[in-house]
Amino acid sequence: MNLAIRDIRHNAGRFVFTTVGIGMLLMLVMGMGGIYRGLIFEATLLVDRVGADLWVVQGSTRGPFAEISRLPANLEDRVRAVPGVAQARRFVSHTIQREHLGRPLRMVVQGLAWPDDRGEWVPLLAGRPLRQAHYEMIADQSLRLPLGEKIKLGKDVYEVVGLTRGLVGTSGDGLTFFTASDALAIQFDVPGEAMRLERAARRARVEAMDLGRLQPLLLDRAAGLSSGIPALAAPQVSAILVTLQPGANEAAVRDILRTWPDITVYSTQEQKDLLLAGMVDKARRQLGLFRGLLIMISTIIIALIIYTLTLDKIRDIALLKLIGARNTVIGGLILQQALFMGVFGFGLAWWMGLYLFPHFPRLVLIANADLISLGLIVIVISTLASFLGIWKALTIEPNTVLAV
Amino acid sequence: MSGPTELPPAIDVSNLRKVYGSGHTEIVAIRDATLQINRGEVVGLFGPSGSGKSTLLTAMALINPPTSGHIVIGGQPVMDGPRAMVDARSFRRQNIGFVFQKPNLIPFLTALENVQVALEINDTPAKKARERALELLEYLSVHPRADNLPVALSGGEQQRVAVARALANNPSLILADEPTASLDGALGRQVMELFTKVAHERHAGVLVVTHDARTLDVFDRILDVEDGRIQIRANHKTQ
Ligand SMILES: Nc1ncnc2c1ncn2[C@@H]1O[C@H](COP(=O)(O)OP(=O)(O)OP(=O)(O)O)[C@@H](O)[C@H]1O
Ligand SMILES: [Mg+2]
């Protein structure tokens, strides 16, 4: 006869209530782990998907994700000439924040090396890859832009032709794919108003100078130089993606590239390590600490719940002792209840997470390995938590609690 | 020839003394009690309220350690003053059946389970324990309420379940504190006859606290407690 189950059945309402509470707590622990996994997954997703063997970036930078990297676009052609290189693509990536239909729209603008790269490698949920050199885009679902939506970015209007899911940048903003030239146009777009302001500012500056006062004709010149405003630099890209020929010697290619001034070369793995070491590491430690704290708090809470449940049962435990029950029977009753609570709470946490986590703004990735380790942790903390109650139960003097 | 009289006494209590509290709140509940109950014998314990009957019974059941004195059960010394000489709980489980003055059933177990648990903690397999528990409940006429929780039982029904629980493991010593207090005459009589039957058939020693003069005739002997002292009443059957 299982005493633990019978007692739980007798106090079913309270048991369900506390188990739901513990379940929610465990769901938080689970979510913390999931957020961390999601962070890593999203951070390295693009690097993985792009499928480059080598990343050529601006000299002595750790770009293009960890910091800004600028390279002349024509470097692409020079890299392509290196023996062993099958393909070299320009890679343009930057985050912009614009407004669309009255709400802020933050997205990572990703340039594809049209026409070699039309985004066929991008996993599409709906729609199609890019089909023309301009004015088309692929957007991530998280940006909430439906297929066929037209968006004005800078001077041009772009149409959403494809949708992806779960493709976001390191800070969680949805990715958009354009042809590289469109991406550059969006990045370096200077609106007319900005130009007018720039002109007015220049005129004011000249007016304020002695030179401007002495030669008023200069003012007209400052205002007239609309095309001479040196705001637009030569086209620049963030990185060059290198695909090696099958069987090519990566070290040899790197040796050649190393002799070039002003560039640095990373492998895909190095690029991932840069991302994880630099950007994700602090978040990882932060979440890890929170998880540790939550696990401790869960232990304490389960311990207190089990302890109060034990206090409520003190008469029954005293009675069991009076009819001669062994300590293993009494300890087993309490331990089993703690384990039931932990295990049911864990199941509930998993189940609730299934419905809740997908609604979180960033990916919450529940890995099987994490589930198993959390399950083991739950068993350990439930066991630890029951010790306090068991200790209390075993020290009860039956004749002092019970009228006999 | 192995008659019950050749076995060691079911219990042998000598010079037992129990003092509650200390200083000006000190209460001497038992003063120098000495008594013996043989196997197969049913003994009645009478005395006014507060005279120390429950204290004596709980001391004999190793529930409430005495201040001084000795207790020997079935030939084995079990208490030397307040010091237990055996593991009280396992000894109680195997040798003593106790009926509390209050029914003291476990509230989350049904009537049947309350009896069954006593058997199971003494290593009876679940199925056998269940059968035996049901048998006892039937004998005490509470089997129609077997699957009810104690709250749903009347005082008398609870008391009969408690009696069944005390008898479950065939103890050699049965100590019952007013087991018939909330039973009517016929049922009370039935419980007392059950005790007699167990005493005679299984050679158990039985000590029953009661106020019920109608059951006098079932006792082999009667003890009177007055202010913590025990006196043997002579010839109660001829009175
Ligand atoms: N735990 C205790 N602490 C202090 N005094 C106690 C305690 N238990 C009993 N007493 C006292 O010891 C004396 C004997 O009590 P006991 O319960 O043994 O009497 P009783 O004969 O069983 O009475 P009743 O017939 O009412 O059940 C009483 O004066 C009682 O107040
Ligand atoms: Mg009493």
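Higher on the page you've got the structure.
Predicted model, so just to flag it, every value in this text is computed and none were measured.

Enquirer: So what exactly am I meant to see when it comes to the pattern of salt bridges here?
Expert: For side chains bearing opposite charge, pairing can occur when the charged atoms are close. Residues and elements named next belong to chain A. Within the structure shown, the criterion is met by 25 salt bridges over all chains. Taking the shortest distance from any N to any O, the salt bridge between Arg 362 and Glu 42 comes out at 2.7 Å. Of this pair, Arg 362 sits in the loop between helix H11 (327-356) and helix H12 (368-394) while Glu 42 sits in helix H2 (residues 12-50), and the two are 320 residues apart along the sequence. By relative accessible area, Arg 362 is classed as partly exposed at 26%. Of the residues examined, Glu 42 reaches a relative accessible area of 5% and is grouped as buried.

Enquirer: Looking at this structure, how should I read the coordination of the magnesium ion (ligand 2)?
Expert: For a metal with four donors in a tetrahedral arrangement, the ideal angle between donors is 109.5 degrees, while six donors in an octahedron ideally sit at 90 or 180 degrees. Only Ser 54 of chain B (OG) and Gln 101 of chain B (OE1) from the protein reach the magnesium ion (ligand 2) as donors, at distances of 1.9 to 2.3 Å. Taken together, the residues span a long stretch of sequence, with Ser 54 of chain B in helix H1 (residues 53-60) and Gln 101 of chain B in the loop between strand E7 (96-99) and helix H3 (111-120) at a distance of 47 residues.

Enquirer: Could you clarify how one ought to interpret the pairing of strand E2 (residues 27-37) of chain B in this entry?
Expert: The side chains of a regular strand alternate between both faces of the sheet. Residue and element names in this part refer to chain B. Pairing geometry for strand E1 (residues 11-20) and E2, over seven bridges, is antiparallel. Its bridge partner being in E2, Lys 18 is matched across the sheet by Ile 30. Where E1 folds back onto E2 in an antiparallel hairpin, the turn is made up of six residues, including Gly 21, whose phi is positive at roughly 65 degrees.

Enquirer: Can you help me understand the nonpolar core in this one?
Expert: Generally speaking, nonpolar side chains in soluble globular proteins are found buried as a group. Residues Leu 320 of chain A together with Leu 56, Met 60, Leu 175 and Phe 195 of chain B are the most contacted members of the largest nonpolar core, which totals 130 residues. Counting residues per element, this core draws most heavily on H2 of chain A, at 11 residues. Among the nonpolar cores identified, the runner-up in size contains 37 residues, and Leu 54, Leu 184, Ile 263 and Val 265 of chain A belong to it.

Enquirer: Would you explain the sheet that holds E1 of chain B in this entry?
Expert: Backbone-to-backbone hydrogen bonds join strands into a sheet, with any given pair of strands oriented parallel or antiparallel. All names here are of chain B. With respect to topology, five strands assemble into an open sheet ordered E2-E1-E4-E5-E6, the strand pairing being antiparallel. Where the open sheet ends on each side, the last strands, each with one partner, are E2 and strand E6 (83-84). The sheet contact formed by strand E5 (residues 76-80) and E6 spans two bridges and is antiparallel. Considered in E6, the bridge of Met 79 is made with Ala 84.

Enquirer: Explanation requested: the side chain of Asp 173 of chain A in the structure shown.
Expert: Residue and element names in this part refer to chain A. Summarising the element assignment, Asp 173 is placed in the loop between strand E8 (156-164) and strand E9 (174-179). Owing to a relative accessible area of 12%, Asp 173 belongs among the buried residues under this scheme. In contact with Asp 173, not counting residues within four places along its chain, are Thr 95, Arg 106, Met 107, Val 108 and Val 168.

Enquirer: Would you explain the interface of chain B and chain A in this entry?
Expert: A common way to report how large an interface is uses the accessible area buried once the components associate. Taken together, the contact between chain B and chain A spans 26 residues of the former and 23 residues of the latter. Taking both partners together, chain B and chain A bury about 2400 Å²; carbon and sulfur atoms supply 61% of that area. Taken as a group, Arg 89, Phe 108 and Ile 121 of chain B account for 31% of the area that chain B buries against chain A, more than any other trio of residues on that side. Where chain B meets chain A, there are two salt bridges. Notably, a salt bridge pairs Arg 6 of chain A with Glu 113 of chain B, separated by 2.6 Å at the nearest N-O pair. Counting every contact that joins chain B to chain A gives nine residue pairs in polar contact (both at pLDDT 80 or more). At the level of secondary structure, the elements contributing two or more residues to the side of chain B that touches chain A comprise helix H2 (88-95) and H3 of chain B. For the side of chain B that touches chain A, the residue count by class is 12 nonpolar, five polar and nine charged.

Enquirer: Can you walk me through the sheet that holds strand E8 (residues 173-177) of chain B in this structure?
Expert: Residues and elements named next belong to chain B. Strands sit in the order E7-E8-E9-E3-E10-E11 across an open sheet of six strands; the sheet is mixed. Two strands bound the open sheet, and with one partner strand each, they are E7 and strand E11 (229-233). Looking at each pair of strands side by side, their axes are set apart by 20 degrees on average, direction ignored. Both strand E10 (residues 221-226) and E11 contribute to a ladder of five bridges, which runs antiparallel. Counted as the bridge partner of Ile 222 is Arg 233 from E11.

Analysis parameters
Residues numbered from 1 in each chain as written. Chains lettered and ligands numbered in written order. Predicted model: local features only at pLDDT ≥ 70, side-chain atom pairs only at ≥ 80, totals over all residues. Heavy atoms only, no water. Salt bridge = Lys/Arg side-chain N within 4 Å of Asp/Glu carboxyl O. Helix = DSSP H or I, 4+ residues; strand = E, 2+ residues; numbered from the N terminus. Buried < 20%, exposed > 50% of the residue type's maximum accessible area, 1.4 Å probe, protein only. Donors = N, O, S within 2.8 Å, 3.2 Å for Na, K, Ca; no water. Pairing = 2+ DSSP bridges. Core = buried A, V, L, I, M, F, W, Y, C linked by side-chain atoms within 4.5 Å. Contact = heavy atoms within 4.5 Å. Buried area = accessible area lost by both parts, 1.4 Å probe. Polar contact = N/O pair within 3.5 Å; in protein donor to acceptor, adjacent residues only side chain to side chain. Nonpolar A, V, L, I, M, F, W, Y, C, P; charged D, E, K, R; others polar. Axes fitted to C-alpha atoms, helices over the stretch in contact; angles between N-to-C directions.

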